[in-house]
Every structure is written in C-alpha cells, then in structure tokens.
Amino acid sequence: MSYLKIVGNGPLTGEITVQGSKNAALPILAACLIGEGPCVIENCPQIRDVEDTLSILNQLGVRTGRKASAVSVDASGIRNASVRGLQAERIRSSVLFLGALLGRMGEAVFSRPGGCAIGSRPIDLHLEVMEVLGARIFQEEEIIHADVKSLRGASIRLRMPSVGATENGILAAVCADGETVIENAAREPEVEELCRFLVLRGAKILRSPDGALHIWGKRPLSPVQFSLQPDRIVAGTYLCAAACCKGKIRICNLPYQELEAPIGILEKMGMKVAPDGNIWANPPLKGIGYLATEPYPGFPTDLQPPLMAALCTAGGQSRLCETIFDNRLTTAGQLRKMGAHIEIRGNCAVIDGTSCLHGETVSAPDLRGGAALVCAALGAKGETMLGGYDYIARGYENICRDLKSLGADINLTEGITDL
Ligand code: UD1
C-alpha cells in the first residue's frame, strides 16, 4: 500500500504552476462524443479520474491518445452506449456520459452510481432533465437504461443548481431539436468552460442576465483544439497549504477571479494574495467566525476540508458549515488525531485554532480530505504518515512533485504498513 510521508519543515517557499482543471476535463471529454472529431484537449491533467474517463471512452469504441498534457479523442468509431464496469463504477462523473450518449446514440446504459465518501449523491435531477428533453428512463436495481428517438428542446427549472445535472442538460440540449432553457443552472467556472468548448465547436449557448442557460440544438459541431484552464481547487489547496505552514509562494497561473470567495476568506485570516499569484502569510493568522459552503460564486465545498486544516492552525474560533454534501466533515476526525480542536455540531465544524498540530498516522477519508491532511501535515511538527494516497491521485497529478518544488519534505512510499 502506498502512503505519503510528510515532515513539517517550516514555511513553503517558491513558485508553482498548477495542472489543468479536473472538473472541466470530465464533462469536456464526454462532450467529445458529440459531433465531428477528433478533438484535442490540451492541459488535460494526468490524474486517475481522467484516466478512468479515457478508459470508459475506449470501452465505447472511442479512440483516445495522450501526448504529454494533450489528449485526443476521436468518437467516429463509437459502437456502443454502455457505461459499465470498474472505471464507470469508480467515478461518479461517469453519469456525465448520459446526455452525450443519448444525443449521439439515442440510448445510454449505465450502472447506478452509489453514494460516496462525501454523501448520498443521488442522480434524480440528471434523470429528470433527460425525461423533460424526451428520453425514457428504465431503472432496474443497479442498471439505468435511457433511450430516446429524438431529443427535443424544453424548459427546465432545476430544483437546485447541480453542476453535473446542468452539464448533462447542456450536452443533451446541443443534440436536441429547438431551444432548451435551463433555469437555476449552475454557474461554476467548469460549466462555463464546457459552454466555451461547445461554442468554439459551433454550438449556440447564451446565459441570460437571470442566469438561465439558453441552448439552441442540432447545430453541427466541428473538431477543435482546446486548452483547459488551471484547476481552481488545486490552486486553492496550495493556498491553504501556504496558510497551514505560514509560507510565501507564487502560483504562476493562479485563477484569481474564480477563487474570489476563498481568497477573501484567506485574507480575512491574515493571508495576502495578489492577482499576480504572489501569496504570503502575515502571522499570526486568525479564525474567521462563520462560513458556509455555497454554490459558485460562494465558497466551494471542495475547498472546505483544506480550509478546515488551515483554520486548525489559526488562532480564535471558526464555525465552518457544509451545505452542499451531507457527509463532508469526516476530515475533522483525522485532524483531531493531529492535535486539532474541532467539534462537530450538525453540519458544522466548530474549530478552536491551535498554533501547533503534530505529525501522526492518519488516513485520507476522500479526495479533498486527503489533500487537507497533506496541508495540515506540512504545518505540523514532526512526521505524518498519510494513507489513502489513491484518493488524492484521483485529482492531483503529482502532489509530491508540486510541493517538493515549494521545498516541502514529502515522499510517496510503498510499504506494507496498513494505515
Ligand atoms: C461537482 C464536482 C464536485 C463538486 C460539486 C459541487 C465534478 C466532476 N464534480 O459534483 O467536485 O464538489 O460539483 O460543486 O464536477 N444532487 C441531487 N440530485 C442530483 C444531483 C445532485 O440531489 O441529481 C445534489 C447533490 O447530492 C448535492 C448537490 O445536489 O447535495 C450538489 O451536487 P452537484 O452540484 O450535482 O455536484 P456534482 O456535479 O456531483
């Protein structure tokens, strides 16, 4: 089993360029199923979720290739519409193939994604959107089968601004007859990036001032080369790492605007973040009072665990509430082992900042929880052994390479220790 060995050795210093965005890559790779190919996606991160998505594409009969960070996808040989098997079950975002497959093949078969470490994560909104666009859905115990003769544009109002359901709606709507309107659509930058990709290929998509998306379907989509934006969650993780160990770093491609809410919070703690990517701590860092996660442009749920780690090392009290997922405070238990003072009250973590965490044997509860424990370990005294590296590899291309370039003492070690 592989684990990370991290020794807190003082402030991080140096420069870094962050990888391309995972959450933009996944729907854009699904979007490559539609229209003429091949498409080339540049700055596509080499992470497990992307590699699993490419395997799913291959199983559908789609040709994919990778040269450094550029991935090519040619769907001209697609021969089936079944998204099942190990990779599909491992990544929840396999549900993002639903809209694209219905549009391209008129059917989609996939295993029902289960709950995951951060919560129950139903897909009812995805299925409702497809039904409104004319699809029939048949649900057996573990298998969902959807089919449609011809998707037709419709008006949809999402009960909540689900990122994935919005993306699936967009992918189906570009294949539908007429206009589709998605009200209460998610506004996350990755949704905008999917729209930019499709518009570049020839789709017509506009967002009205009230936030509704208008999509005119059935326009021919042509092959393009498209470069993904930097991953705002990875950049935000490294901001939190700098807060944990009171560092001074530069993120050369910091997506400053997209991180407005997290940067505002970190500045409230006493960090300084300049638009050119220079970041430094102004200790002593302070607690933040109350903060709740929200859909974009609010504070992102994916940065809640790394922020929790940073708040453990800032003086004063903070109340950090999770409103998007129903089981995403589990990192608290691991942080407590490292000396953090955190109490869970309902969906909130009440954190009493302490200046000193200590190294410990801990285990990543999930992807961002694992990243949070890396941040905490960098700021802790002594050695941390962090198990569950596979979770982190889902979303961070090479967290050791990145943090070593900032002077961290972090190594991936193979060993028999069962953490
Ligand atoms: C995406 C991101 C994930 C991020 C999340 C919220 C990807 C690949 N993943 O996940 O990193 O944490 O957005 O920003 O982009 N819901 C339903 N029914 C549905 C769909 C969602 O009830 O059919 C609920 C979810 O349980 C959750 C909330 O809606 O409580 C938001 O989920 P959603 O925005 O859909 O997240 P994902 O697209 O799965």
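Up top is the structure.
Predicted model, so just to flag it, every value in this text is computed and none were measured.

Chemist: Looking at this structure, I do not really get a negative patch on the surface. What am I missing?
Modeler: Judged by side-chain charge, Glu 89, Glu 140, Glu 141 and Glu 142 come together as a negatively charged surface patch. The residue Glu 140 is located in the loop between strand S8 (136-139) and strand S9 (143-147) in this model. On the basis of relative accessible area, Glu 140 is assigned to the exposed category, the value being 57%.

Chemist: Just to check I follow, could you spell out the side chain of Thr 237 for this structure?
Modeler: Tracing the backbone through its elements, the reader meets Thr 237 in helix H8 (residues 232-244). Of note is the side chain of Thr 237, whose polar atom sits 2.7 Å from the side chain of Tyr 396. Setting aside residues up to four positions removed in sequence, Thr 237 forms contacts with Leu 303, Pro 306, Ala 371, Cys 375 and Tyr 396.

Chemist: Just to check I follow, could you spell out the state of the cysteines for this structure?
Modeler: Working definition: the covalent bond between the sulfur atoms of two cysteines is a disulfide. Applying the stated criterion across every chain yields a total of one disulfide. Covalently, Cys 321 is tied to Cys 348 through a disulfide, its sulfur atoms 2.1 Å apart. Handedness of the Cys 321-Cys 348 disulfide follows from its S-S torsion of about 105 degrees: it is right-handed. Of the two residues, Cys 321 sits in strand S19 (residues 316-321) while Cys 348 sits in strand S21 (residues 348-353), which places them 27 residues apart along the sequence. No disulfide involves Cys 175; its sulfur sits 13 Å from that of Cys 32, the nearest cysteine. We classify Cys 175 as buried; its relative accessible area is 10%. We note that Cys 400 lacks a disulfide partner, and the nearest cysteine sulfur, in Cys 375, lies 13 Å from it. The exposure class assigned to Cys 400 is buried, which follows from its relative accessible area of 7%.

Chemist: What am I meant to see in the site of the ligand here?
Modeler: Residues in contact with the ligand amount to 17 residues; listed here are only the nearest, Asp 124, Leu 125, Ser 162, Asp 302 and Ile 324. Here an oxygen atom of the ligand sits 2.6 Å away from a polar atom, N or O, in the side chain of Asp 302. Put simply, the parts of the chain that give the shell around the ligand at least two residues each are helix H1 (22-31), helix H5 (124-132) and helix H6 (163-173). Counting residues per element, the shell around the ligand draws most heavily on H5, which supplies three residues. Counted by class, the shell around the ligand contains eight nonpolar, five polar and four charged residues.

Calculation notes
Residues numbered from 1 in each chain as written. Predicted model: local features only at pLDDT ≥ 70, side-chain atom pairs only at ≥ 80, totals over all residues. Heavy atoms only, no water. Patch = residues over 30% accessible without salt bridge, like charges linked within 9 Å, V, L, I, M, F, W, Y side chains within 5 Å. Areas by Shrake-Rupley, 256 points an atom, 1.4 Å probe, with all protein chains shown as cover. Salt bridge = Lys/Arg side-chain N within 4 Å of Asp/Glu carboxyl O. Lys, Arg positive; Asp, Glu negative; His and termini not counted. Charge placed at Lys NZ, Arg CZ, Asp CG, Glu CD. Helix = DSSP H or I, 4+ residues; strand = E, 2+ residues; numbered from the N terminus. Buried < 20%, exposed > 50% of the residue type's maximum accessible area, 1.4 Å probe, protein only. Polar contact = N/O pair within 3.5 Å; in protein donor to acceptor, adjacent residues only side chain to side chain. Contact = heavy atoms within 4.5 Å. Disulfide = S-S within 2.5 Å. Near = heavy atom within 4 Å. Nonpolar A, V, L, I, M, F, W, Y, C, P; charged D, E, K, R; others polar.

Read these as layout, nothing more, since geometry by itself doesn't imply function.
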